[in-house]
Amino acid sequence: MHWKMIVLWALAVFFLADSLLLTLRSNFNFGLLIIYLITAGLWIYALFHGPIDAFCAAGVGRVLKILFFCGLGVFALLVGFVAVSGYSHLPQGDEKAVIVLGAGLRKDTPSDLLRRRLQKALEYHQENPEAWIVVTGGQGPGETIPEGVAMARWLEENGVPEDRIIVEDKSTSTEENLLFARRLLEEKGISAADPVVVVTNAFHCYRGGEYARMAGFQDVDTLPASIGLNSIMPCYFREVFAVLYYWVFKSSRSGWMLPFVGIF
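What you see is a predicted model, and the numbers here were worked out from it, not measured in a lab.

Thresholds, definitions, all that
- Just so you know, the residues in each chain are numbered from 1, in the order the chain's sequence is written.
- Selection of residues for local features in this predicted model requires a pLDDT of at least 70, selection of side-chain atom pairs for listing and counting requires 80 or more, and totals for whole chains, interfaces and linings are taken over all residues.
- Calculation of side-chain values draws on the structure's entire complement of heavy atoms; hydrogens and water are dropped beforehand.
- Cavity and pocket criteria rest on a 1 Å grid covering protein atoms alone: a 1.4 Å probe that fits but cannot get out defines a cavity, protein on both sides within 12 Å along at least 5 of 7 lines defines an open pocket, and an atom within 4 Å of a point defines a lining residue.
- Grid points are joined across faces, edges and corners, and a volume is the space filled by probe spheres set on the points.
- Under the DSSP-based scheme used, a helix requires at least four consecutive residues in state H or I and a strand at least two consecutive residues in state E, with every element numbered from the N terminus.
- Residues are grouped as follows: Ala, Val, Leu, Ile, Met, Phe, Trp, Tyr, Cys and Pro are nonpolar; Asp, Glu, Lys and Arg are charged; every other residue, Gly included, is polar.
- Salt bridges are counted wherever a side-chain nitrogen of Lys or Arg sits within 4 Å of a carboxyl oxygen of Asp or Glu.
- Only protein chains enter the area calculation, which uses a 1.4 Å probe; residues under 20% of their type maximum are buried, those over 50% are exposed, and those in between are partly exposed.

### Some remarks on the layout of surface pockets
- Approximately 1,100 Å³ is the volume attributed to the second largest pocket.
- Along the wall of the second largest pocket there are 30 residues; nearest its centre are Gly41, Leu42, Phe68, Phe69 and Leu72.
- Top contributing element to the lining of the second largest pocket by residue count: helix α2 (residues 30-55), with 10 residues.
- Looking at the lining of the second largest pocket residue by residue, the class counts come to 25 nonpolar, two polar and three charged.

### Observations concerning the pattern of salt bridges
- Considering all chains together, one arrives at eight salt bridges under this definition.
- The closest approach of N and O atoms between Asp112 and Arg116, which form a salt bridge, is 2.8 Å. You can see Asp112 and its partner Arg116 sitting in helix α4 (residues 112-127), four residues apart, about one turn around the helix.
- A relative accessible area of 22% means that Arg116 is categorised as partly exposed.
- Lys120 serves as the salt-bridge partner of Glu123, at 3.6 Å between the closest nitrogen and oxygen. In this pair, Glu123 and Lys120 both sit in helix α4, three residues apart, roughly one turn of the helix.
- When its relative accessible area of 35% is taken as the criterion, Glu123 is described as partly exposed.
- Look at Lys120 and you get partly exposed, because its relative accessible area is 27%.
- Salt bridges sharing partners connect three or more residues here, namely Asp112, Arg115 and Arg116.

Keep in mind that these numbers describe shape and distance, not what the molecule does.
Below you can see the structure in the form of structure tokens.
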């Protein structure tokens, strides 16, 4: 068997196994859909590579092949941008508030992504105990309590005083996380001009910071949390499309994505 086919079949098997593992461990989202589509594409090409290669050798097929690889190159550059931008605005340590962006729950328990965000917020709190911590997120599909409530519970169980936590439990998107957080902070005397740090996973930091500025915060840093190995591909691939959507429409309240906010 040619080395090309060995690599192709290895990738097809790897993505199939990864898809099955993610299906068991994760709630359905757009990132998981992307992994499913890549898996299907690899298996289709592995099984029918002969006719596909013949079609792509000349004419329209060759043009489509060139466009495909150009698109793949742009996609790779955007993945790199998402990865690097997560570390471009690290906190200075003088922030007045920490805003932890919500993520999924498994019923009433923080998912791995969310737990890692909370762990980062906890580490920041231990070095800066006077900063307010705003936990954000409403109740989504498959969740038995609002994300903000579960996040506050986790922080309290890990030693954060209840009177330093502000719970936001109505939002349905990253934009609302930050907009509602700003209103709650203003009630505590923290203005939009005061420095704040947004805590989220590294892949999400760019949009988190941009949406914080859109919400009116003027001095924003971001604190990147880690991510599990099995979540890297679906999260970073999904974020590429989310960043492109942000560049085009700016807000999830505009464009075709509006009906899917809170679902994907």
